[in-house]
Amino acid sequence: MAFETDNIEKIFHYSTEHKDDDEAKREKNNRRFETICRKLPEVMHVVYESKNGIIASIGIVNERYTQILSQEDIANAIKELQSFYKIISNHHIDIHTKASIISSFDFKEYRKLVNTCKFSGLKSVSRLTNMKTMSINYLHGKFDKKLYSEDLKLQSFFFNNLISKYKDMSIDNFYVYVLRYDLKTIKSRIPVIRTKK
């Protein structure tokens, strides 16, 4: 079953961005589309070939992946993310044990799906990589316990939020959800103004 273009439009609408005002929301949303244009040649190929807009093109590519992905693989990927979240957010697991688990953790099931969809530059994977580095440094006494603990709280919040967005994920919308909630946006660059001396 195709994921309706109207639903994709709602998911990507600037009003869903977490910013204080409409201008900031629109700017963030435009950066998200800029990211899609730069990182997803598959979507851009459909834009040029079909002469559709970016939302409709995302829908076309999403529909292709509904034929390739399996619901079981998606369920396994979600369970994997949930397991990771339970570890980093559990107050009964001591911080040293958490660091040991994180340093050896890999999103095997989730990576398998995002690699199938040719995704790169995901927030979740980037955060896990950073957490592994911090965990190894913490285990070797190179990172402060308080700072490490504070970072775990931030990461816990991120993964809880991501999982809450993914609660309705299925083969029909997997591609769209990852694009919207996990693809890193390209930060707007402040132009460097050089003055002649």
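See the structure shown above.
What comes next is a walk through the structure.

Calculation notes
Residues numbered from 1 in each chain as written. Predicted model: local features only at pLDDT ≥ 70, side-chain atom pairs only at ≥ 80, totals over all residues. Heavy atoms only, no water. Patch = residues over 30% accessible without salt bridge, like charges linked within 9 Å, V, L, I, M, F, W, Y side chains within 5 Å. Areas by Shrake-Rupley, 256 points an atom, 1.4 Å probe, with all protein chains shown as cover. Salt bridge = Lys/Arg side-chain N within 4 Å of Asp/Glu carboxyl O. Lys, Arg positive; Asp, Glu negative; His and termini not counted. Charge placed at Lys NZ, Arg CZ, Asp CG, Glu CD. Helix = DSSP H or I, 4+ residues; strand = E, 2+ residues; numbered from the N terminus. Phe/Tyr/Trp six-rings, centres within 6.5 Å; stacked < 30°, edge-to-face > 60°. Lys NZ or Arg CZ within 6 Å of the ring centre and 35° of its normal. Buried < 20%, exposed > 50% of the residue type's maximum accessible area, 1.4 Å probe, protein only. Contact = heavy atoms within 4.5 Å. Axes fitted to C-alpha atoms, helices over the stretch in contact; angles between N-to-C directions. Parallel < 35°, antiparallel > 145°, perpendicular 65-115°, else oblique. Left-handed = near helix turned anticlockwise from the far one by under 90°. Nonpolar A, V, L, I, M, F, W, Y, C, P; charged D, E, K, R; others polar.

1. Quick notes on a negative patch on the surface
Taken together, Asp 20, Asp 21, Asp 22 and Glu 23 make up a surface patch of like negative charges. As for its position among the elements, Glu 23 is in helix H2 (residues 22-39).

2. Some details on the packing of aromatic side chains
Applying the stated rule across the entire model yields 15 aromatic pairs. Where Phe 105 meets Phe 107, the ring centres are 5.8 Å apart and the plane angle is 75°; that geometry is what we call edge-to-face. Pairwise contacts between aromatic rings join Phe 84, Phe 105, Phe 107, Tyr 110, Phe 158, Phe 159 and Tyr 166 into one cluster. For the cation-ring pair, Arg 26 lies above Tyr 14, with the distance from its terminal atom to the ring centre recorded as 4.8 Å. The ring of Phe 158 is capped by Arg 127, whose NZ or CZ atom sits 4.0 Å from the centre of that ring.

3. Concerning the pattern of salt bridges
Applying the stated rule across the entire model yields eleven salt bridges. Across the pair Lys 112 and Asp 73 runs a salt bridge whose closest N-O atoms are separated by 3.8 Å. Of this pair, Lys 112 sits in helix H7 (residues 108-116) while Asp 73 sits in helix H5 (residues 71-89); the two residues are 39 residues apart in sequence, bridging distant segments of the chain. Classification of Asp 73 by relative accessible area gives partly exposed; the value is 25%. A salt bridge links Arg 111 to Asp 106; its shortest N-O distance comes to 2.6 Å. For Asp 106, a relative accessible area of 39% gives the class partly exposed.

4. Remarks on the side chain of Asn 173
By secondary structure assignment, the location of Asn 173 is in the loop between helix H9 (145-165) and helix H10 (174-181). Apart from residues lying up to four places away in sequence, Asn 173 is in contact with Phe 3, Asn 62 and Asp 168.

5. Here's the deal with the packing of H5 against H7
Two elements in contact, H5 and H7, have axes separated by 7 Å at closest approach and are oriented at 135°. Judged on the interaxial angle alone, H7 and H5 are oblique. Judged by the twist between their axes, the crossing of H5 over H7 is left-handed. Contacts between H5 and H7 involve Asp 73, Ile 74, Asn 76, Ala 77, Glu 80 and Leu 81 from the first element and Lys 108, Glu 109, Tyr 110, Lys 112 and Leu 113 from the second. A per-class count over the contact of H5 with H7 returns five nonpolar, one polar and five charged.

6. Section: unusual backbone geometry
Residue Lys 51 is not a glycine yet carries a positive backbone phi of 60°. On the secondary structure map, Lys 51 appears in the loop between helix H3 (41-50) and helix H4 (54-66). For Lys 51, a relative accessible area of 68% gives the class exposed. At Lys 118, a residue that is not glycine, the phi angle is positive and equals roughly 60°. Note that Lys 118 resides in the loop between H7 and helix H8 (123-139). Among the residues examined, Lys 118 registers a relative accessible area of 54% and is labelled exposed.

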